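Structural characterization, general
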Amino acid sequence: MTELVRGTPGLVRAVNDRAALHLLLRQGPLTRPEISRLTGLSKPTASQVLARLEGAGLVVGNGLRTGLPGRVPETYRVNAAAAYATAVDVTPDRIAVRTADLAGAVLGEAEAPVPAGPGREALVEALRAALALAPAPRPPRRVVVGVQGAVDPTTGRLAYASEEDMAAWLFPDVERTLAGALGLPVRIENDVNLAAVAERAHAAADCPDFVLLWADEGLGAALVIGGRLHRGHFGGAGEVGYLPLPGAPTAREAGHPYGRHGYQELAGGEAIRDLLHAHGVPGADFAETVTEAVRRAGAGSGTGAEAGTWAGAGGMAGAGSGALERGEAARAGLAAVAGRLASGLASIVTVVDPGLVVLAGRLCAAGGEPLRALVERELHALAHSRARIRLSAVTGNPVLAGALDLALTAVRDEVFGGPPPVTSCP
């Protein structure tokens, strides 16, 4: 039941309307009596709420509910066409875009080329062209753009981004400038943060305090504390690629704060590929090399005490001596990979004390459960942490999924007048 709110009649009406809208979004279509029962409103008040929302174009009839005894009731749902939201994922190789209606139904998804040049005008044209490939019947109320970097709220500029990959974005007041040029409300968010937003409904659905480690060509992390993203004062929370670690060059040695040093040089994609190559595992890139290491580790596990660790990776008893040797080398290589990943995670979990670490990115996906188990073992040996370790459970593009989640949340808060009222029911 919704908590009682004391205030002016206008405030009470707004709270009641918001409660009904969020209820319909979550559980609709519903009848008037169901809305009354689930919100705790009287039936006359529920009827008044529905009348107001229909008049505002936020609720529409959804037909009659047949098959029940007595009077056939009419059902209602949120008007999905009342507003739209768009998500954008920008990488050095392409711009991906996805548009959805107010109810979250995806209307279109597409990819477009990156800006043709480094200038601001080229960026605006590239974004405008990408947005046109996944149009909505009306302009979206919010566009959330995921990028490899983060906006520093103290300067308005994109930080933690290389000029090589994001040259077109490095100008002052980037969010407001793009919003003005596109004629749309624009929010720029770090791509790994968006992956964590998406994970809140998947691998981290039962844990409000978690860390997401994104291990791919580059390394990054996102911190979710109390169910909310922690971005940091300068927007750089989670930029762990620059984390100083033993065995890796420091920023002083690299000669630049964004140079080749730290955690990235130890456990980034290129470093992991080279590490596994040194263990005799071939592969053109890090994902292919990690996949091959897992295959060899399973195929060469034999029937020894460690065979169970690799049972899911295709272990076969009676493997030849060559396969056993390759398997042993691959297992040693994967243990070294896990050790490098865990060395950075140990610093993170010691400070943040999360209940969960989610492993995401192509490197972790390629390593799968064998790598997850090794990272968990190494992390618990290095740090006084009981954090569980899980693989990402988001399918498809997690950056687009998280961007759309943030965009829809902002649009619904705007259209509905705020977030759902605090309730005492589950």
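Attention in this report is confined to the structure presented alongside it. Please read all numbers here as calculations on a predicted model, not as lab measurements.

Some words on the overall build of the protein
When you go through the protein residue by residue, the secondary structure sums to 14 helices and 15 strands. Counting every position in the protein, which comprises 426 residues, the buried fraction comes to 49%. For the protein, the proportion of contacts with a sequence separation of at least 24, taken over those separated by at least 6, is 60%. Per element, the accessible surface of the protein, about 19800 Å² overall, is 54% carbon and sulfur.

Some remarks on the pairing of strand S3 (residues 74-78)
Here strand S1 (residues 30-31) pairs with S3 via two bridges, running antiparallel. Looking across to S3, one finds that Leu30 is bridged to Tyr76. For strand S2 (residues 59-64) and S3, the ladder comprises four bridges, and the chain directions are antiparallel. When the bridges of S3 are listed, Val60 appears paired with Arg77.

Comments concerning helix H6 (residues 174-182)
Of the positions making up H6, those classed as buried are Val174, Leu178, Ala179 and Leu182. Taken end-on, H6 shows its buried residues confined to a sector of 130 degrees, consistent with a single buried face. For H6, exposure combined with an orientation more than 90 degrees from the buried face picks out Arg176 and Gly180. Along its buried surface, H6 packs onto helix H4 (120-132), strand S8 (150-151), strand S9 (158-159) and strand S10 (186-190). Trailing H6 by a residue or two, Gly183 shows a phi angle of about 70 degrees, which is positive.

A short note on empty space enclosed by the protein
On inspection of all chains with the given rule, the structure shows one cavity of 30 Å³ or more. A volume near 30 Å³ is recorded for the largest cavity. Listing elements by their share of the lining of the largest cavity, those giving two or more residues are H4 and strand S7 (142-147). In terms of residue class, the lining of the largest cavity is made up of seven nonpolar, no polar and no charged.

So, the sheet that holds strand S14 (residues 356-360)
Reading across from one edge, S13-S12-S11-S14-S15 is the order of the five strands in this open sheet, with mixed pairing throughout. The outermost strands of the open sheet, each flanked by one partner alone, are strand S13 (228-230) and strand S15 (388-391). In this sheet, neighbouring strand axes are inclined to one another by 25 degrees on average, regardless of whether the strands run parallel or antiparallel. Relative to S15, S14 runs parallel, the two sharing four bridges. Directly across from Val357, in S15, lies its bridge partner Ile389. Packed on one face of the sheet, helix H12 (residues 321-352) meets strand S11 (210-215), strand S12 (219-225) and S14 and runs near 155 degrees to S11.

With respect to H12
The terminal C-alpha atoms of H12, which comprises 32 residues, lie 45 Å apart, in line with the 46 Å expected from a rise of 1.5 Å per residue. Where H12 terminates, the next one or two residues include Asp353, which has phi positive at roughly 55 degrees.

Focus on the packing of aromatic side chains
Each aromatic ring pair is described using two quantities: the centre-to-centre distance and the angle formed by the ring planes. Going through the model one piece at a time under the given rule, you end up with zero aromatic pairs. If you follow Arg120 out to its NZ or CZ, it ends over the ring of Phe171, 4.6 Å from the centre.

Here we look at the environment of Leu324
Within the secondary structure, Leu324 is located in helix H12. Along the chain, Leu324 and Gly298 lie 26 residues apart, while their C-alpha atoms are 9.6 Å from each other.

Looking at the pairing of S10
Residues in a regular strand point their side chains to alternate faces of the sheet. Most of S10 sits out of view: four of its five residues are buried. Direction of pairing for S7 relative to S10: parallel, over a ladder of five bridges. The residue bridging Val144 from the neighbouring strand is Arg187, located in S10.

A word on a negative patch on the surface
Taken together, the side chains of Asp93, Glu164, Asp165 and Glu217 present a region of like negative charge at the surface. The topology assignment puts Asp165 in helix H5 (residues 163-166). On the basis of relative accessibility, which here comes to 36%, the residue Asp165 falls in the partly exposed class.

Details of the sheet that holds strand S6 (residues 106-112)
Taken together, five strands build an open sheet; the order of strands is S6-S5-S4-S7-S10 and the sheet is mixed. Each end of this open sheet is capped by a strand with a single partner; those strands are S6 and S10. The mean angle between the axes of side-by-side strands here comes to 15 degrees, regardless of whether they run parallel or antiparallel. In this sheet, S7 lies alongside strand S4 (residues 84-90) in parallel orientation, the contact comprising five bridges. What sits directly across from Val88, in S7, is Val145. Helix H7 (residues 191-199) rests against S7 and S10 of the sheet, and its axis sits at about 90 degrees to S10. The strands touched by helix H14 (residues 398-416) are S4, strand S5 (95-101), S6, S7 and S10; relative to S4, the strand with the most contacts, the crossing angle is about 150 degrees.

Rules behind the numbers
- Residues numbered from 1 in each chain as written.
- Predicted model: local features only at pLDDT ≥ 70, side-chain atom pairs only at ≥ 80, totals over all residues.
- Heavy atoms only, no water.
- Helix = DSSP H or I, 4+ residues; strand = E, 2+ residues; numbered from the N terminus.
- Buried < 20%, exposed > 50% of the residue type's maximum accessible area, 1.4 Å probe, protein only.
- Contact = heavy atoms within 4.5 Å.
- Areas by Shrake-Rupley, 256 points an atom, 1.4 Å probe, with all protein chains shown as cover.
- Pairing = 2+ DSSP bridges.
- Arc of directions from axis to C-beta.
- 1 Å grid on protein atoms, 1.4 Å probe; cavity = no way out; pocket = protein on both sides within 12 Å on 5 of 7 lines; lining within 4 Å.
- Points joined across faces, edges and corners; volume = space filled by probe spheres on them.
- Nonpolar A, V, L, I, M, F, W, Y, C, P; charged D, E, K, R; others polar.
- Axes fitted to C-alpha atoms, helices over the stretch in contact; angles between N-to-C directions.
- Expected span 1.5 Å × (residues − 1).
- Phe/Tyr/Trp six-rings, centres within 6.5 Å; stacked < 30°, edge-to-face > 60°.
- Lys NZ or Arg CZ within 6 Å of the ring centre and 35° of its normal.
- Patch = residues over 30% accessible without salt bridge, like charges linked within 9 Å, V, L, I, M, F, W, Y side chains within 5 Å.
- Salt bridge = Lys/Arg side-chain N within 4 Å of Asp/Glu carboxyl O.
- Lys, Arg positive; Asp, Glu negative; His and termini not counted.
- Charge placed at Lys NZ, Arg CZ, Asp CG, Glu CD.

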